[in-house]
Amino acid sequence: MINWQDLHHSELTVAGLYAALKLRCEVFVVEQTCPYLDVDGDDLIGENRHILGWKGEQLVAYARILKSDDDLSPVVIGRVIVSAQVRGEKLGYQLMERAVNSCEQHWPQRALYLGAQAHLQSFYAHFGFQPVTDVYDEDGIAHIGMAREICQA
């Protein structure tokens, strides 16, 4: 069973933040052989939130939600990740449901955006996201910008 948390950055513990950064590094930097600076200054500012999925003491799923101070900008869901140890258990679907629900709860009048790895386009389409950019290269990996309009009821 997964214990889910939806936390404002100020509610993160040191251990929780460390676990999130470790998981992000394990997958995005090491597994995907993509050297980039993951700690980008956005984790602990403004109204930004973190969705964490714990299996026992281990963080196995994570997403970051960035809310801009600009009221016209969409809320951005990013760093969507499931640990290699639990892939195939459909946790990605649970994680995205929780991320979208958090956005709808906290910012119901805001559109959503994410920069998806291009091969995951149909996964994100399941949650109402549609392509809004051409495929582009980000750190050597094909991505596509996808958006979801304001609160699809």
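Residues numbered from 1 in each chain as written. Predicted model: local features only at pLDDT ≥ 70, side-chain atom pairs only at ≥ 80, totals over all residues. Heavy atoms only, no water.

Caption draft 1: Region of interest: helix 2 (residues 91–106). Compared with the 22 Å implied by 1.5 Å per residue over 16 residues, the 22 Å span of helix 2 between its first and last C-alpha is a close match. Every buried residue belonging to helix 2 is among L91, G92, L95, M96, A99, V100, S102 and C103, and all of these are buried. The buried residues of helix 2 occupy one face: seen down the axis, they fall within an arc of 165°. (Helix = DSSP H or I, 4+ residues; strand = E, 2+ residues; numbered from the N terminus. Expected span 1.5 Å × (residues − 1). Buried < 20%, exposed > 50% of the residue type's maximum accessible area, 1.4 Å probe, protein only. Arc of directions from axis to C-beta.)

Caption draft 2: Representation of the sheet that holds strand 4 (residues 75–82) within the structure. In space, the seven strands of this open sheet follow the order 1-2-3-4-5-7-6, with mixed pairing throughout. Of all strands in the sheet, those bounded by a partner on one side alone are strand 1 (3–8) and strand 6 (130–138). On average, adjacent strands in this sheet sit at an angle of 20° to one another, irrespective of strand direction. Sheet topology note: the strand 1/strand 2 (residues 49–55) ladder contains six bridges and is antiparallel. From the neighbouring strand, D6 faces strand 2, where its bridge partner is I51. (Pairing = 2+ DSSP bridges. Axes fitted to C-alpha atoms, helices over the stretch in contact; angles between N-to-C directions.)

Caption draft 3: A look at the pattern of salt bridges. By the definition in use, this model includes 13 salt bridges. Where R87 meets E31, a salt bridge forms, and the shortest distance between an N and an O atom there is 2.7 Å. Taken together, the residues span a long stretch of sequence, with R87 in the loop between strand 4 and helix 2 and E31 in helix 1 (residues 14–31) at a distance of 56 residues. (Salt bridge = Lys/Arg side-chain N within 4 Å of Asp/Glu carboxyl O.)

Caption draft 4: Representation of helix 1 in the model. Over its 18 residues, helix 1 runs 24 Å from end to end, which matches the ideal 26 Å to within 8%, given 1.5 Å per residue. Along its length, helix 1 shows its largest kink, about 30°, at C25. Every buried residue of helix 1 is listed here: G16, L17, A19, A20, L23, R24, V27 and F28. On its buried side, helix 1 packs onto strand 2, strand 3 (58–66) and strand 4. (Bend = angle between axes of the 7 residues up to and from the residue. Contact = heavy atoms within 4.5 Å.)

Caption draft 5: Quick look at unusual backbone geometry. Not every positive phi belongs to a glycine, and T33 is a case in point at roughly 40°. In this structure, T33 sits in the loop between helix 1 and strand 2. Classification of T33 as exposed rests on a relative accessible area of 64%. Look at K90: it is not a glycine, yet its phi comes out positive at around 65°. Structurally, K90 can be placed in the loop between strand 4 and helix 2.

These values are about where atoms sit, not about what they do.
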